[in-house]
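Architecture at a glance
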Amino acid sequence: MGKHIVEKAAPVNYRVPENIPETPKFRTIVADPPWTFNQTSAGGYGGALGHYDLMSLDRIKEMPVAEMADENAHLYLWVTNSNIDEGLEVIKAWGFRYITMFHWIKPKMGVGNYLRNASETCLFAVRGKLPPQCRNQINWLISYPTKHSEKPREFISIVERVSPGP
């Protein structure tokens, strides 16, 4: 058979069919950006550079999260313990306001230049007015880490208990 052709521009008579639904707006967003901050010294803090490409703070702030979020939404933003202030900048750039922190406690020796970090932090933020679905969730979880950057499965259960979909 012949080669496949990928069209790079829409044809002149292009129109959007009427039966295509709008892109849904999300009321809950979990984000774990590939932070550059403090990730490149001494072979890569936590080895992130060896696992995936990293993004600058400006590129993370430019991600279209604000356009994807409902006017009333929750945001869970994972940060490294050394870049919480950058995480707060991202929250504002994405149109959310900071509320509190969630901590993943890792019961093992961690890495760090001053203190050995045995935890990860997730910043919780809100856009508009969206109360939690439950009000008795504590702000920490104890779980052993698995693969690099993989978050504990229990965290998704917490998100689903506290925040509405989609």
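Scope of this entry: the structure provided in the associated data block.

Take the overall build of the protein next. In terms of regular secondary structure, the protein is built from 4 helices and 5 strands. The proportion of buried residues among the 166 residues of the protein is 31%. The long-range fraction of contacts in the protein, counting pairs at least 24 apart against all pairs at least 6 apart in sequence, stands at 76%.

All told, the structure shown has 5 aromatic pairs when counted by the stated rule. Where W78 meets W104, the ring centres are 6.3 Å apart and the plane angle is 80 degrees; that geometry is what we call edge-to-face. Of this pair, W78 sits in strand β2 (residues 69-79) while W104 sits in strand β3 (residues 97-105), placing them 26 residues apart in sequence. Chaining the aromatic ring pairs together yields one cluster made of Y76, W78, F102, W104, F124 and F155. The positively charged end of K106 is found above the aromatic ring belonging to W104, 4.4 Å away from the centroid. The ring of W78 carries the charged tip of K151 above its face, separated from the ring centre by 5.2 Å.

Core analysis: the biggest nonpolar cluster contains 17 residues, and L75, L77, I91, W94 and F96 have the highest contact counts within it. Elements represented by at least two residues in this core include exactly β1 (26-31), β2, α3 (84-93) and β4 (119-127). In terms of residue count, the dominant contributor to this core is β2 (5 residues). In contact with I91, not counting residues within four places along its chain, are L75, L77, F96, R97, Y98, L123 and A125. With 13 residues, the next largest nonpolar core counts Y76, C122, V126 and F155 among its residues.

Right, let's talk about the pattern of salt bridges for a bit. This structure, assessed with the given rule, holds 4 salt bridges. The shortest N-O distance in the salt bridge between D32 and K151 comes to 2.9 Å. Here D32 is found in the loop between β1 and α1 (57-61), whereas its partner K151 is found in the loop between β5 (140-142) and α4 (153-162), with 119 residues between them in sequence. Relative accessible area serves as the criterion here: at 39%, D32 is assigned to the partly exposed category. Accessibility expressed as a relative area gives 17% for K151, which makes it buried. One connected set of salt bridges, linked through shared partners, spans D32, K106, E120 and K151.

Let us look at the sheet that holds β2. Taken in spatial order, the 5 strands line up as β1-β2-β4-β3-β5 in an open sheet, and their pairing is mixed. Here the strands that pair on one side only, and so sit at the sheet edges, are β1 and β5. Sheet twist, expressed as the mean angle between neighbouring strand axes with direction ignored, is 15 degrees.

Basis of the calculations
Residues numbered from 1 in each chain as written. Predicted model: local features only at pLDDT ≥ 70, side-chain atom pairs only at ≥ 80, totals over all residues. Heavy atoms only, no water. Helix = DSSP H or I, 4+ residues; strand = E, 2+ residues; numbered from the N terminus. Buried < 20%, exposed > 50% of the residue type's maximum accessible area, 1.4 Å probe, protein only. Contact = heavy atoms within 4.5 Å. Phe/Tyr/Trp six-rings, centres within 6.5 Å; stacked < 30°, edge-to-face > 60°. Lys NZ or Arg CZ within 6 Å of the ring centre and 35° of its normal. Core = buried A, V, L, I, M, F, W, Y, C linked by side-chain atoms within 4.5 Å. Salt bridge = Lys/Arg side-chain N within 4 Å of Asp/Glu carboxyl O. Pairing = 2+ DSSP bridges. Axes fitted to C-alpha atoms, helices over the stretch in contact; angles between N-to-C directions.

That is the geometry; function is a separate question.
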